[in-house]
Every structure is written in C-alpha cells, then in structure tokens.
Amino acid sequence: MKAVVMAGGEGSRLRPLTVGRPKPMVPLVNKPVLGHILDLLKHFGITEVVITLQYMPTAIQDYFGDGSSFGMKISYTVEESPLGTAGSVKNAAALLNDTFLVISGDALTDFDLRKIIDYHCVKNALATLTLYHVPNPLEYGVIITDEEGRITQFQEKPDWGNVISDTVNTGIYVLEPEVLALIPDDEPFDFSTQLFPQILAEGGALYGFIAEGYWCDVGNIPEYLRANADLLHGRVSLPDPIGNQIWGGVWTGQNVEIAPDAQIYGPVYLGDSVKIKGGVSIHGPAVIRDYTVIDNYSRIERSVLWRNTYVGEACELRGVIVGRQCSIKSGAIAYEGAVIGDNCVLDENSVIHADVKLWPNKEIEPGATVRRSIIWGSQGRRSLFGKYGVTGVVNVDLTPEFAAKLGSALGAALAQGSYVAMNRDAHRSSRMLKRAMISGLPSAGINVLDLGTVPIPVARHFVRTHPSTTAGVHVRLSPFDQRVVDIRFMDAEGMNQSRTSERAIERIFFREDFRRAYLNEIGRIDYPVDATESYRADFLEHINQDRIRHSSLNVIVDYSHGLAADTLSSILSDLNLDYLPLNALMDENKLAVLRDQFNTHMRRMAKIMSVLDADVGIKLDVGGEKIFLVDDKGHVLDNTTTSLLMTELSCYANPKRALAIPVTLPTAFETIANWHGTRVIRTKNDLHHLMSTSSQPDVLLALDGTGNFIFPDFQPNVDGLMATVRLLEYLAVRGMAVSEIVNYLPRFHVAQDRVDCPWESKGAVMRTLNNRFRGDHVETIDGLKVHLTDGEWVHIGPNPDRPFFDLRAEAASVDRATALVVEYSEQLKDIVMQHRGH
C-alpha cells in the first residue's frame, strides 16, 4: 500500500519557528515532525510514499531526497498555488491506483496503522476517517458516528456554545481510488468541509475508526512544547529510540560532552556534539539539539533549544524555545512561553519576559528588558471574543496598546482600502480605547469613518447602508460593570461578526502577523455627519406615521442616560406623540448599573406611570438596543412576557409571516404563532445567528427573550428605537390596553440552573450526552434540547464563555420545571465527574 503524506502547511500559528521552514520540518526532539511520520509508515510496512508540497517545498525535498537513505521510496508533487487537503491529494492521482493511506506530515502519532487499514477493508468502506477523543475540540472538525461506525454528522470547528462531541478528525484517512474522481482538478478542495460531506450526502460508505494511542496536532507553541515533553516522557510509542540512554531519563546523540559537576534531571535529550559545561543545571523535560553549547553555571528548565545555539555563562531559560544559531550571552534570562527565533542575539544581562516572541535575526542590547514581542508577538488569553465581543477590565486587560493591536488585527483581516465605522458611548474609557483602535486601523491600510457617539442601531444602519463600509466597531462601558469595557464588532450588514470572522481576527491578533501599509497607502480618518439623519429618514419610511399620530397614546420613555435620546426624541416629535422623557441627558457616571439599581429604576418609572395615567412605560438600555416595559397598571413586565407581548402585537398586525426565536424560549411563542398562522423558526442562542436568520424571506420579527428585537424589514439588526416605535404602532392597531393583552397571553413555567464543568471536559461530556439522548425527540440546533411528554422539554448547552453548562426546562408548573432541572442537573454532574476522573 502507498501513503500520501500532506506536507504543504505553512504553520502560521507556530511562528516565528516556521518563518524559515515549512511546518513539517519543525524538529521534535531528535528529528523533524515529518521524519517521525515516515518512521511510523515504515514501521507498518508502508515504504512507498508520495509527499504533497506547497510552502517551501525544496526544504523537504533536499532533506529527504528520494527516500533511499531512509529505506523508502519517496515521490513528490508540488502545488503551484494552495489546492486544499483533498486538492493536494488529487494532484498526486497519477501515482495512486489502489487503496491508499493519507496522513498529515505535521502531526505526531503512534496509531496502529494496520488496524485502521484492516477496519477499512472489513467495512468495505469508500473512505475511513481516523478519529480521536481530545479535551478541547474547538480547533478541529468534530465527527459523529452511529453504532456501526458509519459517519452521520460533521461539525467544522465549533465553539463551546454548540460543540456536540469531543471526537475529532485526525487527518488520517484510508481511501479507495474512486474518491479521486469526486475531487475537481486544479482547484482548492477540502476533505473535511467538501469531499466527506459530499460522500455523506450521497450515501457513500463513509466510516470512522476511533483510534487508541497518541495523537497531537502540533499546531501552536503550547502543543509543540507538549509534543516534545510527551516524546521525552515515553508517552509516544516510537519505532526507534530517540537516542542512547546514558542514565535514567537522559538520552544523547553522538560525541556529547557533560562536565562532571553538571546536574541533569530527566527527561532530557542532548543531541550530537552537545557540550554541557561546569555547574550547569538542566531540569526536564528539556531538549538541547545538535552542536549546542551550554556554558558554565547556566540553568535550563523545561525548554527546547535547537541546533548550533550558544548559551553563555549564568543564563536562565525557563519554559523557553530557542531557534537555530542563536547566541544567548552571559547573564541573559528568558521566562515562560518566550520564543526566540533563528539567528537572534540576546546580549549580556538582557531579560525576555514571559510570552514574548522574537522574530529571526533580532539583537537585544545588553541589559535590555523586553516586555513586548519584537515585530510580532502573542499573549495568553483563552480566546479573544466572548458573548459581548472583546471584553476586559479597562487599563488592565484592555490597554491602549492592546486596542491598537486589535485595530491592526481587524485591519489585516479586511481588504486594504476598506472602510470601518467606529462608534463609542460617552465614557472616557471608551474614548481612549476607540482612539487607540483607530490608530491601528490606518496602519493596515484601512480607512476609518469616526461616527462619534451615536446609538448602536444608528451605527449598524450606517455600516449596512454606507456603500464602502465593510465593518463596524462599537466601544462601550459594560452595562453590568463600570470597570469593564466591551468592544463589539459588526460585519458589512451591521450584524454581529460571525464566529468565523472572529476566528480570523483572533488568529492575526495572537500571532501578530499585521499588515503594514506603505506610506501613501496608510488609511484616512474621516468624520461623516449624516449617519443620524440618514437613519432617521429611513426609519420614518418604515413605519405607519399616521397611525401613531392618531393613536392618542400617552407614553413614558426612559433613555437611561444613554445614546438614544437625541435620535429617538426627534423621531417621536415628528410623530406628534405625547410622551414624557426620563434620564435623557448623557452621563458617563451612570452608564453601568447593577441589577438592583435597574430594578429600582423600573419601579420608579412604574410609580410615575400611575400618577400620569400613561399607557406604557419604555426603558431603553444605554446603547439603544434593548427595551424593557411597564404596563398601564404599573406592572413591570419580565423579559419573556415583553417578548410574548411584542410577538402577539406583531403577528396580529401582520399575520401569516415568520417569527425567529432561540431554541431556549418557551413554547408559548408557538401558541401565539398558531393563532395568527405564523411560522416559527428556532435558532441558536446567539445574536449573530438570530440576526442572520432574520434576513430570511418573510421573517416579520426576531427576538431573543432578553429585550433584543429585530424588525428585518428595516434592518436585520437589534434596534431598540425601532422596537419602541413598532410597539406603539401595533398598540394602535390592536386598540387594547397593554395589561389587557398581557392577561390573555399564554402562560409559561420555566426553570434554569447551571453545572460547573472544566473547559477540557466539555467536549467529552457533550459526546456522552449525545450518545445518551438520541432520536427524533432531540434537537441539536444549539446544545441538546430533549423533548419529553406533554410539551415538557429540557435544554442542556455548554456556556461559550464560562466553564459550566446551562440547563433550562419548561413544564406545566414551576415546581415540575424545577424538578426537571434538578433531575437533569444530577445526571449532568455525574457525567462531568466521570470525565474529570479520566
């Protein structure tokens, strides 16, 4: 059998280690990653190999040649431009005429390839994918199989909000040559996102083999260090030893010199001709490759040093990676997570702080302290984006430097010459960070349209309608914590950025591979003045002005000292509405309120309503996106009741349309929809997905049950100003008091809870839940929704931002819903404990 080894990867997440070499040539202990893969193939009797190349192909061809010196026969195919995983294999089709194995050349594994091949043959499969359980499945393609091993579902790089298993695709396949006919010639084509889903859709024999053993996708710096350590600890079954074991846990190459008073605590690998001088202390896991010298009294801990490097006297390297041909001079110190690229010089007594990256050929002056990466760098957040965008404590997590880098990352993710609209609230923290972000964008060749401080719906409308704007950013003080700032990103439609777009920005940010525009290509900063007026004019065209003018409604509007006052008050004045404004002046000291303060404000508005005999009280949030209601009797409505009220009014005025709501909202919405012949579309519990769904034809209203409402005939984005006016318009159509409508709305009984779960166990827990709850009664739109009898249901979903699961249940009574939550929480806790034990 032949094997195809895919070795075209650039390894961008491993930079600066891959600046001068392709990813498969990055060394793991005693040889390149690709060398370990070829050893594995040879161990299982596969000696005819085709290696597919694209990035820096000659580096691999020169090292391995025709394979004769390795006891193999190696052929190569080189892509002129990237063809994707499947396209690269199709490029080698002329060399493949029988069942063949495909394996990645940049991962480390000891899988029993014979078992995988035999499984493929027994199943008479067209394609067999090798699968593996991993603690964090977010960076991989997740795969679901049935009891027979047949693949039933693919999930490409999910987030914690919708991950359904921890079983991932390892990139090792056994294929029949017939699959090559399904791959187009000379164009990019991917195995996991195109070919395999196509075979699945066509009912082909597509199987998954869950392998045992070791597998590591050496895709980033922490994984690279882990793979080296695992090799040293013997967690990988290698065909050949990594060196000569001279004493417990210490392996060497040839001609190694170790001073008598040197102290070496394994596991440690010392390559050919390494010299360890007097008084040196080495604590494993550590790798010191060929021809490297460690001079007197230096201390090396948990580090990887590549070949031809010199470490001077009394240096300290702790948890560091050092590239080829570096000079670390006397007294230099480098701390945890630092990466020093090829040919760098750390002069005497220089200090490299944790997580700093030095790109190749950098020289650090004597005594200098480096706290930031030189040209490119990284930092240690789990992820950049959360539920509310990029969030952090101002001047601690979110500093001006951070914001400038974030602007550069966004700019690098967009086409040069694009326009980005920038907006903020009234707080000085938001002003500071917005200006810092603006400084980063033009450096990447991006033009900035500074909107100043306008309501978020106005900013979304501007981004969507301005012809050259491709993205938007709003910087705000968190409404929940005055120490925290949220930086929220919008796409060209004014919607929240998709997770795919967020990942692209994250990748650029963490590797800091920023685009730097040439002098005359640096972006401009302009200040458009028509954003609010354009919004207002379009707004008035999308409402029934006469109906509101003749409604005689008496309304109270609380602006929460936020951004919406000027814009909405102008619209309400045009409509000749009798309304009382509250808290209309912007105040940066009142932008964030605690839950108790919010409830106090709502009760205060209720008292004012009773005095003025108002028809409805409406409170907008600071950004002008959410609304909260008090009815004509002075009752504060909860968010779900407010959503049901808006649903009833909208569907009554516009029957036989569609309603988009998250999967976690109660079935009372279906009841109302049935009254009016309205179709209900359930979505993920995610604003971007809700916004995207609202763009579907015939959707009248989308809402999330927390005060966010979308009227897509105006814009497919959350808009509290439009929600306010549509509420008044539809109340005029209905001709009933708010309290009377609320009284006949269907009742609902829900309960919720959460169960703590470590991040690394979430995927395994979801896999167990998916195996336990199968069938037509289970929805997997977002997490798991288990439908029980008599309209009862339980929803279990991994929280995307925190290490726990959210549980919700609906039943005929609150007691019953609470009992369901307790029952399923106990089951979930047991499952979490099982996986913690592993």
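Refer to the preceding data block for the structure.
Computed from a predicted model, the values in this text were never measured in an experiment.

1. Things to note about the sheet that holds strand 44 (residues 616-620)
Working step 1: The four strands are arranged 43-42-44-45 in an open sheet whose pairing can be described as mixed. Looking at strand neighbours, the two that pair on one side only are strand 43 (578-582) and strand 45 (627-630), the edges of this open sheet. Pairs of neighbouring strands in the sheet enclose a mean axial angle of 20°, with direction left out of account.
Working step 2: Across four bridges, strand 44 lies against strand 45 in antiparallel orientation. Directly across from I618, in strand 45, lies its bridge partner L629.
Working step 3: Where helix 14 (residues 595-612) meets the sheet, its contacts fall on strand 42 (554-558), strand 43, strand 44 and strand 45, and the angle it forms with strand 44 comes to roughly 150°.

2. What about the packing of helix 15 (residues 639-653) against helix 16 (residues 668-675)?
Working step 1: Across the interface, helix 15 lies against helix 16 with an axial gap of 10 Å and an inter-helix angle of 15°. Taken together, the axes of helix 15 and helix 16 lie roughly parallel to each other. Crossing of helix 15 against helix 16: the hand is right-handed. Side by side, helix 15 and helix 16 meet where T640, S643, L644, T647 and E648 of the first sit next to A668, F669, I672 and W675 of the second.
Working step 2: Residue composition of the contact of helix 15 with helix 16, by class: five nonpolar, three polar and one charged.

3. Overview of empty space enclosed by the protein
Working step 1: Using the criterion set out here, one finds three cavities of 30 Å³ or more in the structure.
Working step 2: Within the lining of the largest cavity, the residues separate by chemical class into three nonpolar, two polar and three charged.
Working step 3: If you add up the space inside the second largest cavity, you get close to 40 Å³.
Working step 4: What lines the second largest cavity is H36, I37, L40, L108, T109, S237, L238 and P239.
Working step 5: Broken down by class, the residue content of the lining of the second largest cavity amounts to five nonpolar, three polar and no charged.

4. Some words on the packing of aromatic side chains
Working step 1: Within this structure, the stated rule accounts for 18 aromatic pairs.
Working step 2: The interplanar angle of 75° and the centroid separation of 4.9 Å between the aromatic rings of Y173 and F196 together place this pair among those described as edge-to-face. Here Y173, found in strand 11 (residues 167-175), pairs with F196, found in helix 5 (residues 191-201); they are 23 residues apart in sequence, far enough to count as distant. You'll find Y173 and F196 in the same group, each marked buried.
Working step 3: Taken together, Y63, F64 and F70 form an aromatic cluster joined through their ring pairs.
Working step 4: Its guanidinium or amino end placed over the ring of Y652, R734 lies 4.2 Å from that ring's centre, counting from NZ or CZ.
Working step 5: Positioned above the aromatic ring of F804, the side-chain terminus of R754 is 4.4 Å from the ring centre.

5. Side note on the pairing of strand 6 (residues 100-104)
Working step 1: Most of strand 6 is tucked away: five of the five residues are buried.
Working step 2: Residue alternation in strand 6 divides its side chains into two sets, F100, V102 and S104 and L101 and I103, and both sets are buried.
Working step 3: Looking at chain direction, strand 1 (residues 2-6) and strand 6 are connected through five bridges and run parallel. In the strand pairing of strand 6, A3 is matched with L101.
Working step 4: As judged from the three bridges shared by strand 6 and strand 11, these two strands associate in the antiparallel manner. By the bridge assignment, F100 is partnered in strand 11 with L175.

6. Observations regarding unusual backbone geometry
Working step 1: The step from G266 to P267 runs through a cis peptide bond, and the omega angle for that step is 5°.
Working step 2: In this structure, P267 sits in the loop between strand 17 (263-265) and strand 18 (268-270).
Working step 3: Across the junction of G284 and P285, the peptide omega takes the value 0°, indicating a cis bond.
Working step 4: Of note in the backbone geometry, N343 takes a positive phi value of approximately 60° without being a glycine.
Working step 5: Looking at where N343 falls in the secondary structure, it is placed in the loop between strand 30 (339-340) and strand 31 (345-346).
Working step 6: Classification of N343 by relative accessible area gives partly exposed; the value is 34%.
Working step 7: For H561, which is not glycine, the phi torsion reads 60° and is therefore positive.
Working step 8: As for its position among the elements, H561 is in the loop between strand 42 and helix 13 (565-574).
Working step 9: Classification of H561 as buried rests on a relative accessible area of 14%.

7. A closer look at the pairing of strand 8 (residues 127-133)
Working step 1: In terms of burial, strand 8 is largely enclosed, as six of its seven residues are buried.
Working step 2: Note that strand 8 and strand 12 (residues 206-210) share five bridges and pair parallel. Bridge assignment links L131 to a residue of strand 12, and that residue is I210.

8. Thoughts on the side chain of S478
Working step 1: Here S478 lies in the loop between strand 39 (469-477) and strand 40 (484-490).
Working step 2: We classify S478 as buried; its relative accessible area is 5%.
Working step 3: When neighbours within four sequence positions are excluded, S478 is seen to be in contact with V484, V485, D486 and A592.

9. Thoughts on the sheet that holds strand 33 (residues 357-358)
Working step 1: Pairing is mixed across the open sheet formed by eight strands, whose spatial order is 14-15-18-21-24-27-30-33. Each edge of the sheet is formed by a strand with only one pairing partner; in this case those strands are strand 14 (244-247) and strand 33.

10. As for a nonpolar patch on the surface
Working step 1: Judged by side-chain polarity, Y518, L519 and I522 come together as a nonpolar surface patch covering roughly 380 Å² of accessible area.
Working step 2: With respect to the helices and strands, the residue L519 is situated in the loop between helix 10 (499-511) and strand 41 (525-526).
Working step 3: By relative accessible area, which is 68% here, L519 ends up exposed.

11. Focus on the environment of G705
Working step 1: Within the element layout of this structure, G705 appears in the loop between strand 48 (699-703) and strand 49 (709-710).
Working step 2: On the basis of relative accessibility, which here comes to 10%, the residue G705 falls in the buried class.
Working step 3: Linking G705 and N639, residues 66 residues apart in sequence, is a C-alpha distance of 5.8 Å.
Working step 4: Beyond its immediate chain neighbours, meaning those up to four positions away, G705 contacts N639, T640, S643 and L665.

12. Some details on a positive patch on the surface
Working step 1: Together, K590, R603, R604 and K607 make up a positively charged patch on the protein surface.
Working step 2: Positionally, K590 belongs in the loop between strand 43 and helix 14.
Working step 3: The exposure class assigned to K590 is partly exposed, which follows from its relative accessible area of 42%.

13. Some words on the environment of K619
Working step 1: With respect to the secondary-structure elements, K619 resides in strand 44.
Working step 2: The buried category is assigned to K619, whose relative accessible area is 5%.
Working step 3: For the pair K619 and I556, spaced 63 residues apart in sequence, the C-alpha to C-alpha distance is 8.3 Å.
Working step 4: A polar atom in the side chain of K619 sits 3.2 Å from the side chain of D558.

14. Quick word on helix 2 (residues 57-64)
Working step 1: Along helix 2, the residues that are buried comprise P57, I60 and F64. Taken down its axis, helix 2 places every buried residue within 75° of arc, on the same side.
Working step 2: Summarising the contacts, the buried residues of helix 2 are in contact with helix 1 (33-43), strand 4 (48-53) and strand 5 (73-78).
Working step 3: Trailing helix 2 by a residue or two, G65 shows a phi angle of about 55°, which is positive.

Rules of the game
Residues numbered from 1 in each chain as written. Predicted model: local features only at pLDDT ≥ 70, side-chain atom pairs only at ≥ 80, totals over all residues. Heavy atoms only, no water. Pairing = 2+ DSSP bridges. Helix = DSSP H or I, 4+ residues; strand = E, 2+ residues; numbered from the N terminus. Axes fitted to C-alpha atoms, helices over the stretch in contact; angles between N-to-C directions. Contact = heavy atoms within 4.5 Å. Parallel < 35°, antiparallel > 145°, perpendicular 65-115°, else oblique. Left-handed = near helix turned anticlockwise from the far one by under 90°. Nonpolar A, V, L, I, M, F, W, Y, C, P; charged D, E, K, R; others polar. 1 Å grid on protein atoms, 1.4 Å probe; cavity = no way out; pocket = protein on both sides within 12 Å on 5 of 7 lines; lining within 4 Å. Points joined across faces, edges and corners; volume = space filled by probe spheres on them. Phe/Tyr/Trp six-rings, centres within 6.5 Å; stacked < 30°, edge-to-face > 60°. Buried < 20%, exposed > 50% of the residue type's maximum accessible area, 1.4 Å probe, protein only. Lys NZ or Arg CZ within 6 Å of the ring centre and 35° of its normal. Patch = residues over 30% accessible without salt bridge, like charges linked within 9 Å, V, L, I, M, F, W, Y side chains within 5 Å. Areas by Shrake-Rupley, 256 points an atom, 1.4 Å probe, with all protein chains shown as cover. Salt bridge = Lys/Arg side-chain N within 4 Å of Asp/Glu carboxyl O. Lys, Arg positive; Asp, Glu negative; His and termini not counted. Charge placed at Lys NZ, Arg CZ, Asp CG, Glu CD. Polar contact = N/O pair within 3.5 Å; in protein donor to acceptor, adjacent residues only side chain to side chain. Arc of directions from axis to C-beta.

Purely spatial values, then, with no claim about function.
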